[in-house]
Amino acid sequence: MKAKAVFVSRRDFLKFIAATGLCIGVSRNGMTALLEKKDVEKTPGFSPNAWLHIDSESIVTIYCSQCEIGQGVFTVLPAIVADELDADWKRVRIRQAPIATQYEDPVWESQVTAGSASVHHFYDILRKAGAQARKMLVAAAARRWQVPVGEIVTSKAKVIHKPSGRWLCYGDIALAASREEFPAKVTLKKEREFKLIGRPLHRVDALSKINGSATFGLDVRLRGLSYCVMKRPPRYGAVPRYVEKKDAYHISGVTKIFRVDDKVALVATSPQSCIRARDRLKVKWHGGEDPGLDDKKIERVILSGLERPGRVHTIRGDIKKAESSSFMTHEATYLLPYLAHATMEPMNCTAHVDREKCMLWAPSQNQSAVLQAAREETGLPTEKIHIETPFMGGSFGRRYEVDFVRECLQVAKKVKGPVKLFWTRDDDFSQDFFRPANSARIRAGIDKDGRISFWKHKVSAPSVYWRIEPDLLDDGIDPSAVESIHNSAYSFPSLHLEYVWIKELAPPLGFWRSVGNSHNCFTVESFMDELAHKAGMDPVEFRLKNLKDHPRAARVVEVAAEKAHWEKGAKIGQGLGVSQHYLVYTYIATVAEVSVDEKTGTVKVHRVVCAVDCGKAVNPRVVKEQIEGGILFGLSAALKEKVSFSKGGVVTTGFADYPILTMSETPEVEVYVVDSGNPPTGVGEVGTAPIAPAVSNAIFHATGVRIRRLPLVAERVLRHLSEKG
Amino acid sequence: MAMIKFTLNGKSVETASEPSTSLVWFLREELGLTGTKWGCGQGLCGSCTVLVDGRAERSCQLTLEDVESAKVVTIEGIPVSHPVKQAWLKESVPECGYCQPGQIMNAIGLLLKNPRPTEKEINQAMDGNLCRCGTYNRIKRAILQVAGKLPV
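Residues numbered from 1 in each chain as written. Chains lettered and ligands numbered in written order. Predicted model: local features only at pLDDT ≥ 70, side-chain atom pairs only at ≥ 80, totals over all residues. Heavy atoms only, no water.

Notes on the overall build of chain B
Our working definition: Helix and strand labels come from DSSP, where a helix needs a run of H or I of at least four residues and a strand needs a run of E of at least two; each type is numbered from the N terminus. This radius of gyration counts C-alpha atoms alone. The globule rule is 2.2 Å times how many residues there are, raised to the power 0.38. Burial status follows relative accessibility: with a 1.4 Å probe on protein chains alone, a residue under 20% of its type maximum counts as buried, one over 50% as exposed, and anything between as partly exposed. By the convention used here, residues are in contact when the closest approach between their heavy atoms is within 4.5 Å. Surface accessibility follows the Shrake-Rupley procedure with a 1.4 Å probe radius. Residue values consider only the protein chains on display as shielding. In this tally, Asp and Glu contribute negative charge and Lys and Arg positive charge; neither His nor the terminal groups of the chain are included. Charge placement uses NZ in Lys and CZ in Arg. For Asp and Glu, CG and CD serve respectively.
On a plain count of helices and strands, chain B comes out with 5 helices and 5 strands. Put simply, chain B runs from its N terminus to its C terminus through helices and strands in the order β-β-α-β-β-β-α-α-α-α. Whereas a compact globule of 152 residues would reach a radius of gyration of roughly 15 Å, chain B reaches 15 Å, a difference of no more than 12%. Overall, the C-alpha framework of chain B stretches about 55 × 25 × 25 Å when taken along its three principal axes. Going through the 152 residues of chain B one by one, you find that 61% of them count as buried. Relative to all contacts within chain B whose residues are 6 or more apart in sequence, the contacts with residues 24 or more apart total 57%. A total accessible area of about 5,500 Å² is found for chain B, and carbon and sulfur atoms account for 52% of it. Across chain B, the 17 positively charged side chains and the 15 negatively charged ones have centroids separated by 10 Å.

Next up, the structure:
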């Protein structure tokens, strides 16, 4: 057996780009997908805008500005274009769009796949793009047949003259259409005219991911490829004082060992040689940013933040007055850990840099930032930089960062030929940009009717935005630390919201699926449950009473409760817990059925029922998958996850000490999509936030034990159970 | 130099690579069979699962020496018409897709050993194959389908 064909020259590089840029064709049964090797851009045809191309063979190519990180954008977004275009879905090819201003997110003014925003932000743009093309095709047909535009209909990539029955394929008039005037205004379809939007289309990338042909970042193969791993500092802020390379160079295949900032790069002809050489490399490290950093310090620092004044984000109403006239008040403090992204595909990047050009294969969801990094690191102008975006083995916010891209470019500049930088699993944990630890103290009251009278909320946490987007820190307040509290669906007649910025902890922070919602939903929804219990009210009834201003939020709570048979109560030996949340413009309610083994403290989640109102579900299958996936991601964190630190650095090294949810721990998940007739909003992050409080509330229901710290590991549950006695 | 021989996806392979070469890297980087994924290198995630003489094994924990004379099958060696792959398509299992080749190979290993596994047996056999996107329920349904325990 011979090694797979690779590339012989620089010119072939460019051919590679043309040939293997992610391109997917929907197959005949519309269920599966094929990787296409044809260079569609070179064929003559009709490209009225950046989003589509129709060639003379009637092949419709649709460009997807967003990256496919598992969330289904390659299926969902092109279907929006195809529907308004009246394309034949079975003959649509989908291609990753290049990095270009036309593909920037209209809200964020940057090409980035984040914030559950792909459908929400691009829905109108993509519909319009399809409708523009359709209008021009119809105009071209009307001109050719000399008939009024109104007599022409379209269906499955054909223009049809209704009175005469004449028809043409889109490809037949593609060139003529490109000479038609670009329409300033288009009429979009009515809901009932949709053929693809609202249908549970199968994912176009499924087959390539099942037969192993999908190219992820780590799968990029090039002739003369070198590999690189980094020896990394064992603690934050340490730098190599002394590097002994001799033993490492003895490993066969090792070609180069050199320092890159605070790391040492090991380049070799095979990945295994890199890893072996790294094991042999002796480095003496010097210094450290925070040598005393460990789990205890984190807890102490974060909790002590609650004892000092912070910056006030919101003051609404007269808290003092509301408190003194409250029927009942309650207070509680919560603590949440640092969390890792732990994508299945570790970070990696491939680059070929020389004086003339930069070729980059960057598995990052932040395309604009990749381009900027390439410009900065190589000093080359944009036209000499070519970037490919491969499939990504998960992200959950991690690939918003481009640190691994910069690292790769720094190495590639010093290596002749292409180089693939890859991170080992322990690198992936130790170099993560974590979801921060966080604590919150809530004090609130209710009136005699069970309505919240005041809500006082203090958050103590390091800032996520400080490094990523410092401009968004409003008067020292991190927007993620307070999100979903000041704009909660609950009616807080008086609200006092305060943030204490913890600056003394070294671990770098990043966006982690649902960001601040992952903290704030846990604290708010746990506390709501405590209030309901204290008032002797049913947790669902109590929530509904306080969601009067948000009928969509109330509706999802009602649907989830009904579908979970809340009225009937928990099964014997189980507890039921509920939570609701509003994030990325979507409403969600979650009910968890849980049992606790009182001997071991082990929590078993049997079933999760969830109702979601994300406006129009463009692809109900993908919506349900995203909600279910989000729930399980959040459940994994709630039950198991916590990053550990010691001696100034990360000590978590892999799935042995950072176990994630497995199949046997996975509950049945039922997702109900509530159609409120609104435009589509986000789903990717929605399931993650509300599952932890639903489970914790169910533990309380089952055992009477209230746990205010995560994760809900057996040891912690058992401790609470024994304290209760 | 001593050559190592084994059968890969039905074809015989002979290599002069070092006997201690890790199977996952050999498959991926030397033969270009990148469907077998590298996820942790610690034998803890299952992304690199292949069949060795019909048993599901972690290829990151095996060397070429370990598979001398053995029959190795990777995701590329399983035809799309295979009932497990068909069930995966029908259930629309993958999201990011990175763990799926390993999941499929592990499921095939299970079904070779036990063609009609119970749900509990599926949980036991599949528990070492991690998925971060949360596709476990669809994976389980796909396996139950092949086992004839769910209507197709």
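There is more to say, and it comes next.
Considering the domain arrangement of chain B
All names here are of chain B. This is how it is decided: What marks off one domain from the next here is an automatic or database domain assignment. Two parts lose some accessible area (1.4 Å probe) when they are put together, and adding that loss for both gives the buried area. Counted as salt bridges are all cases of a side-chain nitrogen of Lys or Arg within 4 Å of a carboxyl oxygen of Asp or Glu. In the analysis that follows, any N or O atom pair within 3.5 Å is treated as a polar contact, provided that within protein one partner can donate a hydrogen and the other can accept it, and provided that, for residues neighboring in sequence, both atoms belong to side chains. Gly counts as polar in this scheme, as do all residues outside two lists: the nonpolar Ala, Val, Leu, Ile, Met, Phe, Trp, Tyr, Cys and Pro, and the charged Asp, Glu, Lys and Arg.
According to the domain assignment, chain B consists of domain 1 (4-76) and domain 2 (83-146). Contact with domain 1, which involves 17 residues of that partner, is made by 14 residues of domain 2. Of all residues in domain 1, Lys 37, Leu 51 and Ile 75 bury the most surface against domain 2, accounting for 38% of the area lost on that side. Between the two partners, domain 1 and domain 2, sit 0 salt bridges. At the surface where domain 1 touches domain 2, the tally comes to 7 residue pairs in polar contact (both at pLDDT 80 or more). Secondary structure elements with two or more residues in the side of domain 1 that touches domain 2: strand 3 (49-52) and strand 4 (55-58). Of the residues forming the side of domain 1 that touches domain 2, the biggest block, 3 residues, is contributed by strand 3. Tallied by class, residues from the side of domain 1 that touches domain 2 come to 8 nonpolar, 7 polar and 2 charged.

Section: the domain arrangement of chain A
Residues and elements named next belong to chain A. Under the domain assignment, chain A is made up of domain 1 (10-210), domain 2 (225-293), domain 3 (306-339 + 434-724) and domain 4 (347-422). Using only C-alpha atoms to locate each centre, domain 1 and domain 3 end up separated by 39 Å. Contact residues are listed per partner, giving 21 residues for domain 1 and 17 residues for domain 3. For the pairing of domain 1 and domain 3, the buried interface totals around 1,500 Å² over both sides, and the portion due to carbon and sulfur atoms is 58%. The tally of links from domain 1 across to domain 3 stands at 2 salt bridges. Where Glu 625 meets Arg 203, a salt bridge forms, and the shortest distance between an N and an O atom there is 2.8 Å. Inspection of the region where domain 1 meets domain 3 yields 7 residue pairs in polar contact (both at pLDDT 80 or more). Put simply, the parts of the chain that give the side of domain 1 that touches domain 3 at least two residues each are helix 2 (73-85) and helix 3 (118-145). Looking at the side of domain 1 that touches domain 3, its residues break down into 9 nonpolar, 9 polar and 3 charged.

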